[in-house]
Amino acid sequence: MSSKNRHWQSLRRIKNLLFLSSLVISITNIYTASAHETKIAADVGATLHVEPNDNPRAGEPTQAWFALTRKGGKAIPLTQCNCQLVVYAQPHTAGEPALLEPSLKPVAAERYQGIPGADIVFPKPGIYQLKLSGKPVTQASFKPFQFKFEVTVVAGSARNIQNVQDVNDVPTQGINTGLGLPITVLAIVLGTGILFFLVQAVRRS
């Protein structure tokens, strides 16, 4: 085989490996984006995160926090917001009383300090709605807002049995649906393999 043919084969191999790399990166980015849901109302944005790993379990303490930001990215701490959090089991009808009304407290999470957070114990597996509403403590610093987030709760370890009746009256399997660790491991393994083959292809060319 001529050196020219080997060169073109090496280039083709490199293109395929780069395509696989971009595919792995896009998969991991999709997971990361879905883990932190962001919504916007008027001039306020809110990002919800639920511990642990956005995979809450029924009957176990869960911390939910809301990264509130003004237009431009400046954070809104709880001290500047008259905020209220209520939790509904889905589906629910208008006017129905909330299932839970957790008290909010300032928490430090990631790069945010003093943002609204709450400790929640979801009673059963199922789908819940977290509704956060707020208005400024000082006049006109931001507009009043209301955000609604849906959270899926899986069976807790103490109730990790088949056919647990969930809060939405749909039988569910006690299965941990957290995918963060497997996806991370897969990305590392594939990335290492792709890097190895890429180096080998470059050396051969």
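Treat the numbers as computed from the prediction; the structure is a model and nothing was measured. Residue numbers restart at each chain and count upward from 1, following the sequence in its written direction. Where totals are concerned, whole chains, interfaces and linings use all residues; where local detail is concerned, this predicted model gives features only for residues with pLDDT of at least 70, and gives and counts side-chain atom pairs only at 80 or more. With hydrogens and water stripped out, all remaining heavy atoms of the structure feed into the side-chain values.

Draft legend 1. Quick peek at the sheet that holds strand β4 (residues 81-89). In space, the 3 strands of this open sheet follow the order β4-β7-β8, with antiparallel pairing throughout. Two strands close off the open sheet at either side, each with one partner strand: β4 and β8 (145-153). Neighbour-to-neighbour, the strand axes of this sheet turn through a mean angle of 20°, independent of strand direction. Of the pairings in the sheet, the one linking strand β7 (residues 126-136) to β8 comprises 9 bridges and is antiparallel in character. Counted as the bridge partner of Gly126 is Val153 from β8. At least two DSSP bridges between two strands are needed for those strands to be called paired. Here a strand is any run of E in DSSP of at least two residues, a helix any run of H or I of at least four, and the numbering for each starts at the N terminus. Interaxial angle, 0 to 180 degrees, is taken between N-to-C directions of lines fitted to C-alpha atoms, where a helix line uses only the stretch in contact.

Draft legend 2. How the structure looks around the sheet that holds strand β5 (residues 105-109). The strand order across the open sheet formed by 5 strands is β1-β2-β3-β6-β5, and the pairing between neighbours is antiparallel. Either end of the sheet is taken by a strand with one partner, and the two such strands are β1 (37-41) and β5. Taking each pair of neighbouring strands and ignoring which way they run, the sheet shows an average axis angle of 35°.

Draft legend 3. Focus on the state of the cysteines. Pairs of cysteine sulfur atoms within 2.5 Å are identified as disulfides in what follows. Tallying each qualifying case throughout the model produces 1 disulfide. The disulfide partner of Cys81 is Cys83, and the S-S distance across this bridge is 2.0 Å. Its S-S torsion of about 105° marks the bond between Cys81 and Cys83 as right-handed, since a negative value means left-handed. Only protein chains enter the accessibility calculation, which uses a 1.4 Å probe; a residue is then buried when its area is under 20% of its type maximum, exposed when over 50%, and partly exposed in between. Relative accessible area serves as the criterion here: at 14%, Cys83 is assigned to the buried category.

Draft legend 4. Quick peek at unusual backbone geometry. Here the bond from Glu51 into Pro52 is cis, since omega is 0°, no more than 30 degrees from zero. Structurally, Pro52 is set in the loop between β2 (44-50) and β3 (61-70). Residue Pro91 is reached from Gln90 by a cis peptide bond, and omega for that bond is -5°. Within the fold, Pro91 resides in the loop between β4 and β5. The residue Asn53 is not glycine, and still its phi comes out positive at about 55°. Structurally, the position occupied by Asn53 is in the loop between β2 and β3.

Draft legend 5. Structural context of the pairing of β5. One ladder, built from 4 bridges, connects β5 with strand β6 (residues 112-121); its direction is antiparallel. Residue pairing in the sheet places Lys105 in a bridge with Gly117 of β6. Hairpin connection, β5 to β6: the antiparallel pair is bridged by 2 residues, and Glu110 has positive phi, about 50°.

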